[in-house]
Amino acid sequence: MTAAPVLPERGTMAPAIQVTGLHKHFGRNEVLKGIDFHVDAGQVVCVIGPSGSGKSTLLRCVNRLEEPSAGQILIEGVDICDRKVDLDEVRSRIGMVFQQFNLFPHLNVLKNLTLAQRTVRGRSKDEAVQIARQTLGKVGLSEKESAYPAHLSGGQQQRVSIARALSMNPDMMLFDEPTSALDPELVGDVLAVMKDLASEGMTMMVVTHEMGFAREVGNKLVFMDGGVVVEEGLPTDVLSNPQHERTQAFLSKVL
Amino acid sequence: MTRRERAILFQVALYVALAAGIVALALVADWPTIRENFWNKGGVDWADGNWGDLITIGMVNTVKYTAIAFAGGLALGLVLALMRLSPVAPYRWLATIYIEFFRGLPALVVMIFMSTGLPIAFGWTPPGGTVGAGLIGLIMVAGAYMAETLRAGIQAVPKGQAEAARSLGMRPGTTTVRVVLPQAFRIVIPPLTNEFVLLIKDTALLFLLGAAANERELTSVAKDFLASGPSAGTATSLVQAALLYLIITLPLTQLVAWLERRQRRSVR
């Protein structure tokens, strides 16, 4: 008999997300030019940068919605570009929130939250509904469970989409400009939900233009421009005392 | 004369022309002859005349054949549409060749080929006799048209929908069946209903293949009443058939309008 291998607790050894030498090009257009990037478990990392800087592409490579052209992506130490890895299983542990919400318009809120739980996690209907109601309560929309997405405001839709991702009990969450499509007065509700999540210790990668959120909630801030990481560090340092010329130019425009 | 006065005068002229046309038609038309030829009761009460066979045989079979052709065409069209969107290139080629081929042929040619050509060429008759063979031909052509409709509907579903489903870990098949297709079907309800109405009318082509008395669809029954029955020698049975076709098709177009209204309410 061999002794059972001692496995490290998930997240204690490898970073939640580890990106090494990542390149991505669409045709001749090279969008990512060798990115090294990591998110430790329990960290909130915000990625900022001008449009076209490649920040959304980087985020979408993390769960391979975009296929990397070269480089390595490790999720909790597992190479997700390895053919032997079940990509769908990995994705089910990575919650994703889109700029355009992407709720399923033909299903009501509750069914939006239970569909993947049942088809991917194989949960029973009762269990899926119970978890859906919990997460819906968490984002403050319990009373909307039988509404259709079209009848919700943008802010409510985005909170439902966060709840949909949370219902899968993910290890980490990816946010792709979650507030960019919202009316200004609705941004606060969504950011409040994200802040709660962060305080509960959720690992988060957030592509955003919300500098206030990045400063207040982020453990690390990454500035990207032209397909490379230009500067990274503590949010307060990067925002108040940017070292790089391009960072200074960008921040002077948005702050 | 001001512009407004000219406009009013023009409208009055239009109404006068319309009224004159109606009066002229009423005076010139030979109403007894028209009635004799287009709505002939054949000397007996009309309820005992053509309506029985027209409805219990013709209309029932027309509805039945349309339903079969539509269900078959939809199933075939769905397979072809998914093949056309397949990541496997040979599937795309096969589907494209099939669709382009059968959309380019008259339905009648395919139907005659299935019912007559196949038996002559291979000594094999498709199941269901002449009507069955004709329906298979109709399905083959309808499937090609519906494939294009369904493909357009599937492609009209925003990419973000599949991305959201995949990001939750759903498999490609589950994503297609549970997320993409339900939305695609809503998008194609109006064009598919149009397809259905066209099929109702295409079942009349079965008349040209011939069928046993109780297998005849509406047009065949009406055509046979031109030469026999109480209104023989007049066009009455065709007028009756036309009314029956409208009884099927008009509610359908109303149904589509209602479905579209309901859809607008529940989805965006």
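Thresholds, definitions, all that
- Along each chain, residues carry numbers from 1 onward, in the same order as the chain's sequence is written.
- Chains and ligands are labelled by the order in which they are written, letters from A for the one and numbers from 1 for the other.
- Selection of residues for local features in this predicted model requires a pLDDT of at least 70, selection of side-chain atom pairs for listing and counting requires 80 or more, and totals for whole chains, interfaces and linings are taken over all residues.
- Think of the side-chain values as coming from all heavy atoms in the structure, minus any hydrogens and water.
- Per the convention used, a helix needs a DSSP run of H or I reaching at least four residues, while a strand needs a run of E reaching at least two, with both numbered from the N terminus.
- As a reference, a globule follows 2.2 Å times the number of residues to the power 0.38, and the radius of gyration itself is taken over C-alpha atoms.
- Partly exposed describes any residue whose relative accessible area lies between the buried limit of under 20% and the exposed limit of over 50%, with all areas from a 1.4 Å probe on protein chains only and scaled to the type maximum.
- With residues, only the protein chains shown are counted as cover, and all accessible areas are computed by Shrake-Rupley using a 1.4 Å probe.
- Charged residues are defined narrowly, with Lys and Arg counted positive, Asp and Glu counted negative, and His plus the chain ends left uncounted.
- To locate a charge, take NZ of a lysine, CZ of an arginine, CG of an aspartate or CD of a glutamate.
- Note on definitions: salt bridges are taken to be side-chain nitrogens of Lys or Arg within 4 Å of carboxyl oxygens of Asp or Glu.
- Note on pairing: DSSP must find at least two bridges between two strands before they are called paired.
- Residues count as neighbours in contact if any of their non-hydrogen atoms are within 4.5 Å of one another.
- Between N-to-C directions, angles span 0 to 180 degrees; the directions come from axes that are lines fitted to C-alpha atoms, helices contributing only their stretch in contact.
- The buried area of a pairing is the accessible area, by a 1.4 Å probe, that goes missing from both parts when the two are put together, added over both.
- Three classes are used: nonpolar for Ala, Val, Leu, Ile, Met, Phe, Trp, Tyr, Cys and Pro, charged for Asp, Glu, Lys and Arg, and polar for all others, with Gly counted as polar.
- Here a helix's expected span is defined as the number of its residues, less one, multiplied by 1.5 Å.
- By nonpolar core is meant a set of buried Ala, Val, Leu, Ile, Met, Phe, Trp, Tyr and Cys residues that side-chain atoms within 4.5 Å join together.
- In this scheme Phe, Tyr and Trp rings, the latter by its six-membered ring, pair at centre separations within 6.5 Å, and the angle between planes marks the pair as stacked below 30 degrees, edge-to-face above 60, and tilted otherwise.
- Ring-over charges, as used throughout, are those where CZ of Arg or NZ of Lys falls within 6 Å of the ring centre and within 35 degrees of the ring normal.

**Q** Residues and numbers for the overall build of chain A, please.
**A** Per the secondary structure count, chain A includes nine helices and ten strands. A compact globule built from 255 residues should have a C-alpha radius of gyration of about 18 Å, and chain A, at 19 Å, falls within 12% of that. For chain A, the spread of C-alpha atoms along the three principal axes comes to 60 × 55 × 35 Å. Taken across its 255 residues, chain A has 53% of its residues classed as buried. When the accessible area of chain A is evaluated, it comes to approximately 11,400 Å², of which 47% is carbon and sulfur surface. Taken together, the 26 basic and 31 acidic charged side chains of chain A have centroids lying 6 Å from each other.

**Q** Break down the pattern of salt bridges for me, with residues and values.
**A** Applying the stated rule across the entire model yields 21 salt bridges over all chains. Salt-bridge contacts for Arg60(A) lead to Glu66(A); the nearest nitrogen and oxygen are separated by 3.1 Å. In this pair, the class of Arg60(A) matches that of Glu66(A), namely buried. Of the charged contacts in the structure, one is a salt bridge between Arg171(B) and Asp86(A), with a shortest N-O distance of 3.0 Å. With Arg171(B) in the loop between α7 (159-167) and α8 (172-202) and Asp86(A) in the loop between β5 (78-79) and α2 (87-92), this residue pair bridges two chains.

**Q** Tell me about the sheet that holds strand β1 (residues 17-26) of chain A, residues and numbers included.
**A** Residues and elements named next belong to chain A. Read across the sheet, four strands follow the order β2-β1-β4-β5 without closing on themselves; strand pairing throughout is antiparallel. Every other strand in the sheet has two partners, leaving β2 (29-39) and β5 as the edge strands with one partner each. One ladder, built from two bridges, connects strand β4 (residues 70-75) with β5; its direction is antiparallel. Residue pairing across strands places Ile 75 opposite Val 78, the latter belonging to β5. Across the sheet, helix α1 (residues 55-62) lies against β1, β2 and β4, angled at about 120° from β1, the strand it touches most.

**Q** Could you give an account of the sheet that holds strand β7 (residues 172-176) of chain A, naming the residues involved and the relevant values?
**A** Residues and elements named next belong to chain A. A sheet is described by the order of its strands in space; here six strands give the open sequence β6-β7-β8-β3-β9-β10, paired in mixed fashion. Strands at the two margins of the open sheet, each flanked by one partner only, are β6 (94-97) and β10 (228-233). Between one strand axis and the next, the sheet turns through 15° on average, direction left out of account. Relative to β7, β6 runs parallel, the two being bridged by four bridges. Bridge pairing in β7 links Gly 95 to Met 173.

**Q** So what's going on with the interface of chain B and chain A? Which residues, and what values?
**A** Listed per partner, the contact involves 22 residues of chain B and 25 residues of chain A. The largest share of the area that chain B buries against chain A comes from Glu163(B), Ser167(B) and Leu168(B), three residues that together contribute 30% of it. Its residues placed into classes, the side of chain B that touches chain A shows eight nonpolar, seven polar and seven charged.

**Q** Would you mind going over helix α1 (residues 3-28) of chain B in detail, with residue names and values included?
**A** Relative to the 38 Å expected for 26 residues at 1.5 Å per residue, α1(B) spans 37 Å between its end C-alpha atoms, a close match to the ideal helical length. Of all 26 residues in α1(B), zero are buried; the element is thus mostly exposed.

**Q** Can you break down the nonpolar core residue by residue, with the values?
**A** Residue and element names in this part refer to chain A. The biggest cluster of nonpolar side chains holds 45 residues, and the ones touching the most others in it are Ile 162, Met 173, Phe 175, Met 194 and Met 204. Leaving out residues up to four positions away in the same chain, Met 194 has contacts with Ile 162, Phe 175, Pro 178, Met 204, Val 206 and Phe 213. Among the nonpolar cores identified, the runner-up in size contains 39 residues, and Leu 65, Val 90, Ile 94 and Phe 104 belong to it.

**Q** Explain the environment of Ile34(B) to me, using residue names and the numbers behind them.
**A** Residue and element names in this part refer to chain B. Tracing the chain through its elements places Ile 34 in helix α2 (residues 31-38). Through-space distance from the C-alpha of Ile 34 to that of Met 83 is 54 Å; in sequence the pair is 49 residues apart. If near-sequence neighbours (up to four positions away) are discounted, Ile 34 is found in contact with Ala 29 and Trp 39.

**Q** Summarise the packing of aromatic side chains; cite the residues concerned and give the values.
**A** Applying the stated criterion across every chain yields a total of five aromatic pairs over all chains. Taken together, a centroid distance of 5.0 Å and an interplanar angle of 80° make the contact between Phe101(B) and Phe102(B) edge-to-face. Residue class for Phe102(B) comes out buried when judged on its relative accessible area of 10%. Among the aromatic side chains, those forming a connected cluster through ring pairs are Tyr98(B), Phe101(B) and Phe102(B). Stacked on the ring of Phe104(A), the Lys or Arg Arg164(A) has its end atom at 4.5 Å from the ring centre. One cation-aromatic arrangement involves Lys220(A) over Phe37(A); the distance from NZ or CZ to the ring centre is 5.7 Å.

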